[in-house]
Amino acid sequence: MKELINKLKGDKGIWSFVALLGLFSFMPVFSASSNLAYLGHGTGNTLGYLVKHFAHICIGFLIIYWVHKIPYHYFRAISKAGLPIVWLLLAYTLVKGTVIAGANASRWIQIPFIGLSFQTSTLAAIMLFIFVARYLSKTRETPITFKSSIWELWTPVFITLMFILPANFSTTALIFSMVLMLAFIGRYPLKYIFFIIGSGVVILTLFFLMSKAFPESKFFSRVGTWQSRIENFTSNKADEDDYQIEKAKIAIASGQIYGLGPGKSVQKNFLPQSSSDFIYAIIVEEYGLVGGLGVLILYLLLLFRFVVASHKANTLFGKLVVIGLGFPMIFQAMINMAVAVELLPVTGQTLPLISSGGSSIWMTCFGLGIILSVTKKEEEIALEKLEKEKREEILQKLIDRELEADLEEADFKNVNDNFDTSDYSITDNSKNPMNAVLK
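This one's a predicted model, so the numbers in the text were calculated from it and none came from an experiment.

Description of the overall build of the protein
- Assigned secondary structure in the protein consists of 15 helices and two strands.
- Counting across all 439 residues of the protein, residues that qualify as buried make up 45%.
- Residue pairs at least 24 apart in sequence account for 72% of intrachain contacts in the protein once pairs closer than 6 positions are excluded.
- Carbon and sulfur atoms provide 66% of the accessible area of the protein, an area that totals close to 24000 Å².

Some points on unusual backbone geometry
- With a phi close to 65 degrees, Arg187 is a non-glycine residue in the positive phi region.
- Along the chain, Arg187 turns up in the loop between helix 8 (169-185) and helix 9 (190-213).
- Positive phi, close to 70 degrees, is recorded for Leu353, a residue that is not glycine.
- Among the secondary structure elements, Leu353 is positioned in the loop between helix 13 (316-340) and helix 14 (359-418).

Description of helix 8
- Counted at 1.5 Å a residue, the expected span for helix 8 with its 17 residues is 24 Å, and the 24 Å between its end C-alpha atoms agrees.
- In terms of burial, helix 8 is largely enclosed, as twelve of its 17 residues are buried.
- Buried within helix 8 are the following residues: Ser170, Thr171, Thr172, Leu174, Ile175, Phe176, Met178, Val179, Leu180, Met181, Leu182 and Ala183.
- Along its buried surface, helix 8 packs onto helix 6 (120-136), helix 7 (146-164), helix 9 and helix 13.

Rules behind the numbers
Residues numbered from 1 in each chain as written. Predicted model: local features only at pLDDT ≥ 70, side-chain atom pairs only at ≥ 80, totals over all residues. Heavy atoms only, no water. Helix = DSSP H or I, 4+ residues; strand = E, 2+ residues; numbered from the N terminus. Buried < 20%, exposed > 50% of the residue type's maximum accessible area, 1.4 Å probe, protein only. Contact = heavy atoms within 4.5 Å. Areas by Shrake-Rupley, 256 points an atom, 1.4 Å probe, with all protein chains shown as cover. Expected span 1.5 Å × (residues − 1).

Interpretation note: all reported values are geometric properties and have no functional meaning in isolation.
Below, the structure written as structure tokens:
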């Protein structure tokens, strides 16, 4: 185990908090999956779901390990070449996406031969954030102009978002917000950022107007769901989302300070998404306010390590990559918790590293691997600097030793040159034979 830990490079704090979140996830997923077990095969046996989640977490940590071995600057070229491939995947998902529970939620595609579903928007978000970080960190002889950035930066951003928007408004809004944050941190002119925000509002308005003009189109089928969620959030009208929120609030109220205990949740049998979208409510019900705050603190500590890692990065690209990939994970967690306590309307965002699901866990781990690759590079630079200082120290000691030896040899030679041997000679060359005795 010690040898394995020594092989893990990068920020040890990030490794620790990610491992804690992954280990903790087994208990709420095992408990909250009972509803799925009853609906799936009527037995209520959640062991299969626990084994599946264990496999997802193990694969996720292998992804972190493999990716963090890759030098992070390789992803500069990967993002530029991979973005068109992502567009093709998003277009395919929009047209041939998997239908879930009869609803047209075209967010997933089936991976051939293995039968797993994959949410392409998660991969698109990672590639887009790295692409934006690459553009903002490029060395330029002239300052960024709005005309050049429209084609080189914002056109790819809006193309990506337009492929995601028809099926997933919350993910689109989250990605757009993070891109704007990256642009602000990357010192993109503020007046241009306001113009981009205005453009985004105009495009979204046109999208809603088109949905009214073509209500039967498949591409606008989710607009009605978004409107009803916002209306229900601002009113007392009851619907399916309101039912989920009410059950989530009952679960949170039942947990009180110390909770009902692991596996003793009652509302998990009524919440449709108890192991994914509303897993935080089950955590609070079973582990109380202590457990809920503990999970929140873990995410905040992870955010703190992301800030430290970004500060330590010696390149602008490294700083922006850590911010662009790390902050969305934390904001997604905050959105999930806010939905559970009815601070936000239902969004469908999972709790990173805790909620059940394959592609969401794997893409989160993929982003974490890139972040750890950045911190590993800074660690290697610090180690090289330390070794260089030690070599210089040893070399200086050798030089001092040689100088000391040369000085001793020079002093000895000077003594011999100044030494008068005639005073101690036993040979008498004088004419008086008694001089040898007298002297």
